[in-house]
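Coordinates in review
Listed below are the residues making up each chain.
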Amino acid sequence: MLTQKHLIDIFDFSTEEVDSILHLSQLMIKSPSDFSTICNGKIMGTLFFEPSTRTRLSFESAMLRLGGQVLGFSDSSNSSATKGETLVDTIQTVCHYTDLIVMRHPNEGSATLAKTKASVPLINAGDGGHHHPTQTLTDLLTIQQTKGHLDGLTIGLCGDLKFGRTVHSLIRAMGRYPGNHFILISPRELQLPDYMMHFLNSQGISYEVHEELEAVIDQLDVLYMTRVQRERFFNEADYVRLKDHYILTADKLTQAKEDLAILHPLPRVNEISVEVDDDPRAKYFDQAGYGVFVRMALIAKVLGVDSNDAH
Ligand code: CP
């Protein structure tokens, strides 16, 4: 049962609970009108202390498509945080106005802190370089829709594996399905942080490390490209040196499998050439669309209004 649960880290939900969200998402894709009133009378709060396009708008679209309503802010400079209000005071206040809170915050651990004072479900929409579990649900749904299954896949993760919170959450989630093999492709400075390497090793998850995409692209079932995260660098010179390290081009894709699925959480800067957008293997804009359905399913589950689900 996911009713009234918080989602801070994808591991807050069991594999069975994640699968139940994916199943409900698929029902919603097939027949969205069956679910268009299930959140009547419910209000979702969106507290975005950091910029977002996809996460905030897809959550808002999801709630509106379920018949619910939305309030919140997308620019915390218009909130009382600028007067020195603490995060937990903001959360304790907004719980009185809403049935569910979706929060993005630049500080790692902020969502864990916020949930201690949340009397309604609190969904982490990204806390610094830490976790982004609803992007992971989006990624899982995209992989399931494009590959047909979530196990037995060779998954290349390319780019900024150090600061990329979506990569950390995706490894944790896909590592729970049997037979998956990860190929970690990054410059040495942007390799996975030690705690993630420890996680892979302690869980006995199969992986290998490479610096060059061309050396492994022919092996991949899924290629997950990421942006070098300028906002998390301490040093502009390091960002400039590393930002163009990997650019996926049509030429590089000539070596890839015909049924490769190319994902990217977006926004992209220039790590995928726009010519790749027309390749049928490019799934990243479909992925942004699946984010609406998976968030509809998540909202329905945590609010306990998913009775239209025959699962
Ligand atoms: N993928 C993602 O989190 O995008 P936004 O930053 O636009 O929400």
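Residues numbered from 1 in each chain as written. Predicted model: local features only at pLDDT ≥ 70, side-chain atom pairs only at ≥ 80, totals over all residues. Heavy atoms only, no water.

**Describing the nonpolar core**
Of all hydrophobic cores here, the largest spans 60 residues; its most connected members are Met-28, Leu-157, Ile-171, Met-174, Phe-182, Leu-298 and Ile-299. Residues lining this core come from more than one domain, with at least three contributed by each of domain 1 (15-131 + 291-303) and domain 2 (134-288). If we skip the residues at most four places from it in the chain, Phe-182 touches Ile-155, Leu-157, Ile-171, Met-174, Gly-175, Leu-200, Ile-205, Ser-206, Tyr-207 and Glu-208. Counting 20 residues, the second-largest nonpolar core is a separate cluster that includes Leu-248, Ala-256, Leu-260 and Tyr-284. (Core = buried A, V, L, I, M, F, W, Y, C linked by side-chain atoms within 4.5 Å. Buried < 20%, exposed > 50% of the residue type's maximum accessible area, 1.4 Å probe, protein only. Domains from an automatic or database assignment. Contact = heavy atoms within 4.5 Å.)

**Here's the deal with the site of the ligand**
What surrounds the ligand is the set Ser-52, Thr-53, Arg-54, Thr-55, Arg-104, His-132, Gln-135, Pro-265 and Leu-266. A distance of 2.6 Å separates an oxygen atom of the ligand from a polar side-chain atom of Ser-52. Contact distances for the ligand include 2.9 Å between a nitrogen atom and a backbone N or O atom of Leu-266. Alone, the ligand offers 260 Å² of accessible surface; in the complex the protein occludes 91% of this. Here the residues of the shell around the ligand are counted per class, giving two nonpolar, five polar and two charged. Residues from two domains meet in the shell around the ligand; each of domain 1 (15-131 + 291-303) and domain 2 (134-288) gives at least three. (Near = heavy atom within 4 Å. Polar contact = N/O pair within 3.5 Å; in protein donor to acceptor, adjacent residues only side chain to side chain. Areas by Shrake-Rupley, 256 points an atom, 1.4 Å probe, with all protein chains shown as cover. Nonpolar A, V, L, I, M, F, W, Y, C, P; charged D, E, K, R; others polar.)

**Quick word on the UniProt feature "domain: Aspartate/ornithine carbamoyltransferase carbamoyl-P binding" (unreviewed entry) in the chain**
Feature annotation in UniProt places "domain: Aspartate/ornithine carbamoyltransferase carbamoyl-P binding" (unreviewed entry) on residues 5-145, given in this structure's numbering. Counted over residues 5-145, helix gives 39% and strand 16%. Its end C-alpha atoms are 26 Å apart. (UniProt positions renumbered as here; feature names shortened; annotations may be inferred. Helix = DSSP H or I, 4+ residues; strand = E, 2+ residues; numbered from the N terminus.)

**Here's the deal with the sheet that holds strand E3 (residues 100-105)**
Ordered by their spatial adjacency, four strands build an open sheet running E2-E1-E3-E4, and the pairing between neighbours is parallel. The open sheet has two free edges, formed respectively by strand E2 (69-73) and strand E4 (122-127), since each of these has just one partner strand. Sheet twist, expressed as the mean angle between neighbouring strand axes with direction ignored, is 15°. Helix H10 (residues 284-303) rests against strand E1 (43-48), E3 and E4 of the sheet, and its axis sits at about 130° to E3. (Pairing = 2+ DSSP bridges. Axes fitted to C-alpha atoms, helices over the stretch in contact; angles between N-to-C directions.)

**A short note on the packing of aromatic side chains**
This structure, assessed with the given rule, holds three aromatic pairs. Over the ring of Phe-11 we find Arg-172, and its NZ or CZ is 4.4 Å from the ring centre. Stacked on the ring of Phe-199, the Lys or Arg Arg-172 has its end atom at 5.3 Å from the ring centre. (Phe/Tyr/Trp six-rings, centres within 6.5 Å; stacked < 30°, edge-to-face > 60°. Lys NZ or Arg CZ within 6 Å of the ring centre and 35° of its normal.)

**Focus: the domain arrangement of the chain**
In terms of domain boundaries, the chain breaks down into domain 1 (15-131 + 291-303) and domain 2 (134-288). With both chains or domains summed, domain 1 and domain 2 bury close to 2000 Å², and 53% of this area falls on carbon and sulfur atoms. Linking domain 1 to domain 2 there are one salt bridge. Across the pair Glu-50 and Arg-165 runs a salt bridge, and its minimum N-O distance is 3.5 Å. There are nine residue pairs in polar contact (both at pLDDT 80 or more) connecting domain 1 and domain 2. (Buried area = accessible area lost by both parts, 1.4 Å probe. Salt bridge = Lys/Arg side-chain N within 4 Å of Asp/Glu carboxyl O.)

**Things to note about the sheet that holds strand E7 (residues 206-210)**
Backbone hydrogen bonds are what pair the strands of a sheet, in a parallel or an antiparallel way. Read across the open sheet, the five strands follow the order E7-E6-E5-E8-E9; overall the sheet is parallel. At either end of the open sheet lies a strand with only one pairing partner, and these are E7 and strand E9 (261-263). Within the sheet, the average angular offset between the axes of one strand and its neighbour, ignoring direction, is 20°. Two elements, strand E8 (residues 222-225) and E9, share three bridges in a ladder whose sense is parallel.

**Some words on the confidence of the model for the chain**
Per-residue pLDDT for the chain averages 93, and the proportion of residues at 70 or more is 96%. Taken over the whole predicted complex, pTM reads 0.94, whereas the ipTM for its chain interfaces reads 0.98. (pLDDT = per-residue confidence, 0-100.)

**Quick word on the packing of helix H5 (residues 133-147) against helix H6 (residues 165-174)**
Where H5 contacts H6, the axes come no closer than 9 Å and their chain directions differ by 55°. Classified by the angle their axes make, H5 and H6 are oblique. Where H5 crosses over H6, the handedness of that crossing is right-handed. Residue-level inspection shows Pro-133, Gln-135, Thr-136, Asp-139, Leu-140 and Ile-143 of H5 in contact with H6, the latter providing Thr-166, Ser-169, Leu-170, Ala-173 and Met-174. (Parallel < 35°, antiparallel > 145°, perpendicular 65-115°, else oblique. Left-handed = near helix turned anticlockwise from the far one by under 90°.)

**Digging into the environment of Gly-152**
Considering the arrangement of structural elements, one finds Gly-152 in the loop between H5 and strand E5 (154-158). By relative accessible area, which is 49% here, Gly-152 ends up partly exposed. Taking the C-alpha atoms as reference, Gly-152 lies 33 Å from Asp-34; in sequence the two are 118 residues apart. In this structure, Gly-152 is in contact with Pro-178, Gly-179, Asn-180 and Asp-221, ignoring residues within four places of it in sequence.

**Looking at the pattern of salt bridges**
Scanning the entire structure with this criterion turns up eleven salt bridges. Its salt-bridge partner being Asp-259, residue Lys-147 comes within 3.7 Å of it at the nearest N-O pair. Separated by 112 residues along the polypeptide, Lys-147 in helix H5 and Asp-259 in the loop between helix H9 (250-253) and E9 bring together distant segments of the chain. Asp-259 gets classed as partly exposed once you look at its relative accessible area, which sits at 49%. Residue Arg-281 pairs with Asp-279 through a salt bridge whose shortest N-O separation is 2.9 Å. Neither residue differs from the other here; Arg-281 and Asp-279 are each classed as buried.

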